[in-house]
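# Architecture and fold: a report
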Amino acid sequence: MPAARVEYIAPWWVVWLHSVPHLGLRLQPVDSTFRPRDESYQESLLFLGLVAAVGLGLNLVLLAAYLVCVCCCRQDDAVQTKRPRSCCVTWTAVVAALICCAAVGVGFYGNSEANDGVYQLLYALDNANHTFSGIDVLVSGTTQKMKVDLEQHLARLGEIFATRGDYLQTLKFLQQTAGSIIAQIAGVPVWTEVTEELTELANQTSSVEYYRMLCCGVLALLFSWTSLAADAAAAVGTSDFCAAPDTFILNITEGQVRPEVTQYYLYCSQSASSPFQQALTVFQRSLTAMQIQVAGLLQFAVPRFPTAEKDLLGIQLLLNSSESGLHQLTALLDCRGLHKDYLDALAGICYDGLEGLLYLGLFSLLAALAFSIMICLGPGAWKHCATRDRDYDDIDDDDPFNPQARRIATHNPPRGQLRSFCSYSSGLGSQGSLHPAQTISNAPVSEYMNQAALFGGNPRYENVPLIGRGSPPPTYSPSMRATYLSVADEHLRHYGNEFPG
């Protein structure tokens, strides 16, 4: 049983895009039939690009308005709270990052689909070109053999068989049959112009795809709306072609190829007969008749005219090669090969290619959205980072949580602290009523560390892993810092009065 034929069915996105209103620059409706050389149709595609340009303008206006509001409507720093602001900035950055990741994923998928569709189209065009070129080569080769090579053999045989009228009649029959073959194969279309157009189309498509791949990332990230305009115009134009590709091909081939020939390859119906069937049948019968006549001359004429054998064998070889060419020509003229290439080209354009363009359009929208969010996030993030750096710069030099101040105090203890420690030592020796552990526990932490380091001891606080390794100080409010300093001053006054120097 023959395999079931595969027909082209336009996907739903082709129908959806083809239904998009086509408007000219003056907002007049335009026919959505694919007519790439018509000015009004070109204007309708240009109008879609202008719509994307309007979207770009609105986006820039909104961003400018937002930035002006941020710059001119700042609230007082004392009223703002840092934590809600930082949370808002953080979550907005997370959303922007997620949108960027989604845009990159969609863009890679869309670019891959579009690239696959383009190369499937190029492959189909290359196969069709080989078929058309093969047909032209076989037709021209057969014509050359029948007009030139066969005529040379028949002319020499005419001189050899000049005395035999019956043999001359056979040669005349061969000549007439060769003329009939030439007339029949002349009905086969010459595909030279079609091949040149397909080659030019393949070269242009390959060049456009190369530059599209080269500039895809730059256009999508820096000029998202420009990329969106190009994708929208290309998608709608491609959908117009995919909605009725047979009609467009019939129109452009009119005057170059007979309509029945074009329809034969476009539809390739099993019930329809080939327009070349009669010519090929006559070709086959003529070759068979010529081979019978040449075989008869080899059998009966060669014994009497030995010099005629070389030319008769040359004619026989020519007829055999022509028969082999006839079989190849029959296979190439069959509609199934070219119709498969046609379906492959449509699948590459209307399925993978157009789907990839849709995803690239979505990629451009997501990239524009992420870019806008990052612009809106910029002032808040900059302000948040500046506030955090200012908080770190506000740390006092005598702050016990400041590692630099702690190192300076350890190596260079103030005289007041040294005098206090000496007073503590003399008081301990004279009174004996104050236990050292009690005094150390009541003393400030920084003084204990400084005094212990002064006399070569290893304070127990320096053994903690996070201390002495350059770790950043913890975040604390100015009120906590003021409370600690007041408590430290009170301890210093208390011990200074209790143990006078």
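Located above this text is the structure these notes cover.
As a starting point, this report considers the structure included with it. (Residues numbered from 1 in each chain as written. Predicted model: local features only at pLDDT ≥ 70, side-chain atom pairs only at ≥ 80, totals over all residues. Heavy atoms only, no water.)

## Focus: the pattern of salt bridges
Going by this rule: Between Lys or Arg on one side and Asp or Glu on the other, a salt bridge is scored when a side-chain nitrogen of the former is within 4 Å of a carboxyl oxygen of the latter. Buried residues are those whose accessible area, probed at 1.4 Å on protein chains only, stays under 20% of the maximum for their type, while exposed residues exceed 50% and partly exposed ones sit between those limits.
Enumeration over the complete set of coordinates arrives at 6 salt bridges. The residue D38 makes a salt bridge to R35 at a minimum N-O spacing of 2.7 Å. Judged by its relative accessible area of 28%, D38 is partly exposed. Relative accessible area serves as the criterion here: at 24%, R35 is assigned to the partly exposed category. Residues D334 and R336 are paired through a salt bridge, measuring 2.8 Å at the closest nitrogen-oxygen approach. Owing to a relative accessible area of 25%, D334 belongs among the partly exposed residues under this scheme. Note on R336: relative accessible area 62%, which makes it exposed.

## As for the environment of T170
For clarity, the threshold we go by: Strands here mean DSSP runs of E at least two residues long; helices mean DSSP runs of H or I at least four residues long; both are numbered from the N terminus.
In this fold, T170 is placed in helix α4 (residues 165–185). Sequence separation between T170 and M290 is 120 residues; the distance between their C-alpha atoms is 9.3 Å.

## Quick look at helix α8 (residues 259–267)
Residues spaced three or four apart along an α-helix face the same direction, because each turn holds 3.6 residues. Listed as buried for α8 are V261, T262, Y264, Y265 and L266. Within two residues after α8, C268 carries a phi angle of roughly 50°, on the positive side.

## Some details on a nonpolar patch on the surface
The criterion, for reference: Put simply, a patch holds well-exposed residues, over 30% relative accessible area, that have no salt bridge, with like charges counted together within 9 Å and Val, Leu, Ile, Met, Phe, Trp or Tyr side chains within 5 Å. Reported accessibility uses the Shrake-Rupley method at a 1.4 Å probe radius. Residues are deemed covered only where the shown protein chains occlude them.
A surface patch of nonpolar side chains, about 260 Å² in accessible area, is lined by L25, L46 and L50. Among the secondary structure elements, L46 is positioned in helix α2 (residues 39–72). Exposure remark for L46: the relative accessible area of 47% places this residue in the partly exposed category.

## Brief notes about the nonpolar core
Applied cut-off: Nine residue types can take part in a nonpolar core, namely buried Ala, Val, Leu, Ile, Met, Phe, Trp, Tyr and Cys, and a core is a set of them joined through side-chain atoms within 4.5 Å. Note on contacts: a residue pair qualifies if any of its non-hydrogen atoms lie within 4.5 Å across the two residues.
Of all hydrophobic cores here, the largest spans 73 residues; its most connected members are M146, L150, F161, W191, Y265, L319 and L333. For this core, the element with the most residues is helix α3 (residues 82–160), which contributes 14 residues. Once residues within four sequence positions are removed from consideration, Y265 is found in contact with W191, F276, L333, D334, C335, L338 and H339. Residues A96, A114, A370 and I373 belong to the second largest nonpolar core, which totals 11 residues.

## Side note on a negative patch on the surface
For clarity, the cut-off: Only four residue types enter the tally: Lys and Arg on the positive side, Asp and Glu on the negative side; His and the chain ends are excluded. In this description, the location of a charge corresponds to atom NZ of lysine, CZ of arginine, CG of aspartate or CD of glutamate.
A surface patch of negative charge is lined by E193, E196, E197 and E200. By the secondary structure assignment, E193 is in helix α5 (residues 192–222).

## As for the packing of helix α7 (residues 245–252) against α8
Filter applied, for reference: As a rule, the C-alpha atoms of each element are fitted with a line to give its axis, helices using only the stretch in contact, and angles between N-to-C directions run from 0 to 180 degrees. An angle counts as roughly parallel when it lies under 35 degrees, as roughly antiparallel when it exceeds 145, as roughly perpendicular when it falls between 65 and 115, and as oblique in every other case. Two helices crossing with the near one rotated counterclockwise from the far one by less than a right angle form a left-handed crossing, whereas a clockwise rotation gives a right-handed crossing. Residues were grouped as follows: Ala, Val, Leu, Ile, Met, Phe, Trp, Tyr, Cys and Pro as nonpolar; Asp, Glu, Lys and Arg as charged; and all remaining residues, including Gly, as polar.
Close contact between α7 and α8 brings their axes to 10 Å; oriented N to C, the two are set at 150°. Between α7 and α8, the crossing angle belongs to the class labelled roughly antiparallel. The crossing of α7 and α8 is right-handed. For the pair α7 and α8, the contacting residues are D246, I249 and L250 in the first and P259, T262, Q263, L266 and Y267 in the second. Across the contact of α7 with α8, the residue classes tally to 5 nonpolar, 2 polar and 1 charged.

## Some details on helix α10 (residues 309–333)
Our working definition: Multiply 1.5 Å by the residue count of a helix minus one, and that product is the helix's expected span.
With 25 residues, α10 extends 36 Å between its outermost C-alpha atoms, agreeing within 8% with the 36 Å of an ideal straight helix rising 1.5 Å per residue. Residues D311, L312, G314, I315, L318, L319, S322, G325, L326, L329 and L333 constitute the buried set of α10.

## Describing the side chain of D231
Relative to the elements of secondary structure, D231 occurs in helix α6 (residues 224–243). The contact partners of D231, leaving out residues within four places of it in the chain, are L357, L360, G361 and S364.

## A word on unusual backbone geometry
Even without glycine at this site, L27 takes up a positive phi of about 65°. Structurally, L27 can be placed in the loop between α1 (12–18) and α2. Although it is not a glycine, C268 sits at a positive phi angle of roughly 50°. Mapped onto the fold, C268 is located in the loop between α8 and α9 (277–300). A relative accessible area of 6% places C268 in the buried class.

## Observations concerning the packing of α2 against α6
Closest axis-to-axis distance for the α2/α6 pair is 9 Å, and the angle between their directions is 150°. In terms of axis orientation, α2 runs roughly antiparallel to α6. As α2 packs across α6, the resulting crossing turns out to be right-handed. Only W225, A229, A232, A233, V236, G237 and D240 of α6 make contact with α2, whose side of the interface consists of Y41, L45, L48, G49, A52, G55, L56 and N59. Looking at the contact of α2 with α6 residue by residue, the class counts come to 10 nonpolar, 4 polar and 1 charged.

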